[in-house]
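Working through the structure, step by step
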Amino acid sequence: MAPPDPTALVRLLSGWLPRQRWFGGKDRPIGALSIAAATELLPGPDPSLHHLVVDVRQGAVASRYQLLLGVRADLPAHLRPGEIGPVAPAGPDCRGPAGPALHAYDAAYDPELTRPLLAHMAAGAEVGPLRFRRAPNRTIETGLSAVPMSAEQSNTSLVFGDAYICKLFRRLTPGVSPDLEVSFALSEAHCAHVPAVHGWIEMETGEAGGPVTLALLSEYLRTATDGWQLALTSVRDWFASPAHTGDGHRGGPHSGGPYSGTGGEAFTGADAGAAGGDFAAEAGRLGAATATVHHDLAKAFGVTRVPAADVRAMARGMRRQLDEVGGAVPELRPYVPAIGAAFEEVEAGAEDLLFQRVHGDYHLGQVLRTGTGWVLLDFEGEPARTPAERRAPSHPLRDVAGMLRSFEYAARFMLAGNGDLPPDAERDLEARARAWTARNRAAFRGGYAAAGGPDPAGHAALLRAFELDKAVYEIRYEARNRPSWLPVPLRSLADLVR
Ligand SMILES: Nc1ncnc2c1ncn2[C@@H]1O[C@H](COP(=O)(O)OP(=O)(O)O)[C@@H](O)[C@H]1O
Ligand SMILES: O=P(O)(O)O[C@H]1O[C@H](CO)[C@@H](O[C@H]2O[C@H](CO)[C@@H](O)[C@H](O)[C@H]2O)[C@H](O)[C@H]1O
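Please read all numbers here as calculations on a predicted model, not as lab measurements.

We now examine the overall build of the protein. Along its length, the protein carries twelve helices and 18 strands. Taken against the 2.2 N^0.38 rule, which gives 23 Å for 498 residues, the C-alpha radius of gyration of the protein at 24 Å falls within 12% of a compact globule. Principal axes of the C-alpha set define a box for the protein whose edges measure 80 × 50 × 50 Å. Within the span of the protein, comprising 498 residues, buried residues form 51% of the whole. When contacts within the protein are restricted to residue pairs at least 6 apart in sequence, long-range pairs at least 24 apart make up 70% of them. On the protein, roughly 20,800 Å² of surface is accessible, and the fraction owed to carbon and sulfur atoms is 55%.

Spelled out as structure tokens, the structure:
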């Protein structure tokens, strides 16, 4: 089957792309869209599969996305949710419309078309500029069908049988993806806290920085549950448990125990440790796993002594982001002076620090609990940062701050979901949310320090600045991507700037 008429496709993609969860520029209109590369992966005749690289310009911002484009004469019902629209096959000169309309759709949802990706990786195939790779000393079982994950994601992941998960990066950045680079290095080092990497797909572009990573194939952890879901279950359980004060009955008190607010996070009153679904032991183990991964990252990529001048520059970078987000999100403005003061404190007290590769966008949705322990995922860094920023070494407490924020997020998210409550009930839940957050943050910090990570208590100003910087990032992220979530990070600012 001939490839679709590019003019019609460009028009359809301009309407379809902004509706996709993974499209990063939803807050700006598309100025121009063009197809930078098209590779026929399966000629068909029906269906056919094409790999597209699409360039999008929005004002001064240029971004690049990839798409697996399926084309069929008839679109079965199960593929209709991925429909992009009707296209005519390209004419002989590849421009004019010719023949009856065909259906163009997102082929990530079509197991018939995604199955060959696995076979290509196993064989180390090369199709046009696309290179399919198998990791050294790893096997890839072929013939498995893929089911796309339903999770809300920045990318699209396909689960092949129950053996592999293949993440198709949606937004492409020059060179090797930090996710592949870091996951592969840790997998080769047999780090127990990352899934094994089995293969990847890359594209030769001739640009500096080497081939662009298109996809990452990892071991699928079938029985794992993600940290966000586990944390929400624990908060829900704690919110629903009968009122008690942590004075010893119902299995308490935990207020004198190891997770009772070490590191200046004391809480009183409601005892979050007395609820059935207590998460603190898991939070402690997660802290320890994080310290182990930081240790393995330092071993694999090295450690750099960063002079105080660069630490000052980092604090000024935080200030710049604060001003940008404050300009775009009016609700942040009342907090700008206090947040700015925290960044100035780091700038004023700057000293040399040891930097290394870190996770970069660390939160409860990036960790899975398997039967044997915690596993870390998605070493891509924050989607809104430049590739150079994502790859740059940083202080490991940046990740600690990300996870501390995430405990706060889980409790606030559950709080926000309770609608209008009588004032007493609202006060009670607010106190419970604070108690749960304090307990789990303390447990995580304790586990991290005990396993050899830099002691969070010894770097209080730096950790606070990282947390505030993350909160500012989250406010921009939510304003752009999930406006109904904006109150979640905003409401925690009052506590954070106290
Ligand atoms: N190896 C794996 N085994 C099981 N589930 C996984 C694995 N990798 C990712 N997942 C699931 O897919 C979700 C999204 O993965 P992630 O790498 O964070 O993608 P994205 O970059 O698109 O956010 C995770 O939250 C997790 O639930
Ligand atoms: O898509 P990614 O996982 O790479 O990360 C982006 O999206 C995350 C949300 O899906 C966002 O995380 C924020 O929400 C989480 C709950 O959904 C919460 O656990 C995090 O603490 C909070 O930062 C992340 O910031 C963003 O980069």
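A separate point is the packing of helix 6 (residues 308-328) against helix 11 (residues 460-481). Two elements in contact, helix 6 and helix 11, have axes separated by 10 Å at closest approach and are oriented at 30°. Here helix 6 lies roughly parallel to helix 11, going by the angle between them. When you trace helix 6 past helix 11, the crossing you get is left-handed. The residues of helix 11 that touch helix 6, namely those facing Met314, Met318, Gln321, Leu322, Glu324 and Val325, are Leu462, Ala465, Phe466, Asp469, Val472, Tyr473, Ile475 and Arg476.

This part covers the site of ligand 2. In the vicinity of ligand 2 lie 16 residues, with Ser154, Asp361, Ser406, Tyr473 and Glu474 positioned nearest. Measuring from an oxygen atom of ligand 2, one finds a side-chain N or O atom of Asp361 at 2.8 Å. Within the side chain of Tyr473, a nitrogen or oxygen atom sits 2.6 Å from an oxygen atom of ligand 2. When isolated, ligand 2 has an accessible area of 540 Å², and the protein chains bury 92% of it. Every element with two or more residues in the shell around ligand 2 is listed here: helix 9 (397-416) and helix 11.

Counting residues in each nonpolar core, the largest one holds 74 residues, and the members touching the most others are Leu332, Leu364, Trp436, Phe444 and Leu493. The biggest single contributor to this core is helix 9, with eleven residues. Each of domain 2 (111-222) and domain 3 (226-496) gives at least three residues to this core. Ala108, Phe132, Ile201 and Leu217 belong to the second largest nonpolar core, which has 38 residues in total.

Glancing now at the sheet that holds strand 14 (residues 225-226). The strand order across the open sheet built from three strands is 14-17-18, with neighbouring strands paired in antiparallel fashion. At either margin of the open sheet sits one strand with a lone partner, and together these are strand 14 and strand 18 (374-376). Note: strand 17 (residues 367-369) against strand 18, three bridges, orientation antiparallel. From the neighbouring strand, Leu368 faces strand 18, where its bridge partner is Val375.

The subject of this paragraph is the confidence of the model for the protein. Across the protein, pLDDT averages 89, with 90% of residues at or above 70. Within the model, the stretch residues 244-269 combines pLDDT values under 50 with 46 contacts to residues more than four positions away or in other chains. Model confidence for the complex: the whole-complex pTM is 0.87, and ipTM, which rates the interface, is 0.97.

Take the pairing of strand 7 (residues 130-134) next. Relative to strand 7, strand 6 (residues 126-127) runs antiparallel, the two being bridged by two bridges. Counted as the bridge partner of Glu126 is Arg131 from strand 7. Remark: two residues form the turn of the hairpin made by strand 6 and strand 7, two consecutive strands paired antiparallel; Gly128 in that turn has positive phi of roughly 55°. Sheet topology note: the strand 7/strand 12 (residues 197-203) ladder contains five bridges and is antiparallel. Bridge pairing links Arg133 to Trp200 in strand 12.

Turning to the pairing of strand 9 (residues 156-160), a few remarks are in order. A large share of strand 9 lies buried, amounting to five of its five residues. A two-sided burial pattern is seen for strand 9, the buried positions comprising Thr156, Leu158 and Phe160 on one face and Ser157 and Val159 on the other. Examined bridge by bridge, strand 8 (residues 146-148) and strand 9 share three bridges and lie antiparallel to one another. Considered in strand 9, the bridge of Ala146 is made with Phe160. Relative to strand 10 (residues 164-168), strand 9 runs antiparallel, the two sharing five bridges.

Counted at 1.5 Å a residue, the expected span for helix 7 (residues 336-348) with its 13 residues is 18 Å, and the 18 Å between its end C-alpha atoms agrees. Looking at helix 7, one finds that the buried residues are Val336, Ile339, Gly340, Ala342, Phe343 and Val346. The arc that holds every buried residue of helix 7, seen down its axis, measures 155°, which confines them to one face. Of the exposed residues in helix 7, those oriented more than 90 degrees away from the buried face are Pro337 and Ala348. As for helix 7, its buried residues are in contact with helix 6, helix 11 and helix 12 (487-496).

Scoring rules and cut-offs
Counting restarts for each chain, with residues numbered from 1 along the sequence as it is written. Ligands are numbered from 1 and chains lettered from A, in the order in which they are written. Only residues with pLDDT of 70 or above have their local features reported here, since the model is predicted, and side-chain atom pairs are shown and tallied only from 80 upward, although totals for entire chains, interfaces and linings are computed over all residues. Water and hydrogen atoms were dropped before computing side-chain values, which therefore reflect all heavy atoms in the structure. Each helix corresponds to a stretch of at least 4 residues labelled H or I by DSSP, and each strand to a stretch of at least 2 residues labelled E; elements are numbered beginning at the N terminus. Within these notes, the globule rule equals 2.2 Å times the number of residues to the 0.38 power, and the radius of gyration is based on C-alpha atoms. Partly exposed describes any residue whose relative accessible area lies between the buried limit of under 20% and the exposed limit of over 50%, with all areas from a 1.4 Å probe on protein chains only and scaled to the type maximum. Here, residues are in contact when the closest pair of their heavy atoms is within 4.5 Å. Residue-level accessible areas treat just the shown protein chains as cover; the underlying method is Shrake-Rupley with a 1.4 Å probe. Helix axes use the C-alpha atoms of the stretch in contact, all axes being lines fitted to C-alpha atoms, and the angles between their N-to-C directions lie in the range 0 to 180 degrees. Throughout, the term roughly parallel applies to angles under 35 degrees, roughly antiparallel to angles over 145, roughly perpendicular to angles from 65 to 115, and oblique to all others. Helix crossings get a hand from a simple test, with the near helix turned counterclockwise from the far one by less than a right angle marking a left-handed crossing and a clockwise turn marking a right-handed one. A cutoff of 4 Å decides nearness: a residue is near a molecule or strand if any of its heavy atoms lies inside that distance of it. Polar contacts here mean pairs of N or O atoms no more than 3.5 Å apart (in protein, one a potential hydrogen donor and the other a potential acceptor; neighbouring residues in sequence count only if both atoms are side-chain atoms). What makes a nonpolar core is a set of buried Ala, Val, Leu, Ile, Met, Phe, Trp, Tyr and Cys residues whose side-chain atoms join them at distances within 4.5 Å. These domain limits were set by an automatic method or by a database of domain assignments. In this analysis, strands are considered paired if DSSP registers two or more bridges between them. As a per-residue quantity, pLDDT reports the predictor's confidence and falls between 0 and 100. Multiplying 1.5 Å by the helix residue count minus one yields the expected span of that helix. When we speak of the arc, we mean the arc of directions from the helix axis to the C-beta atoms.

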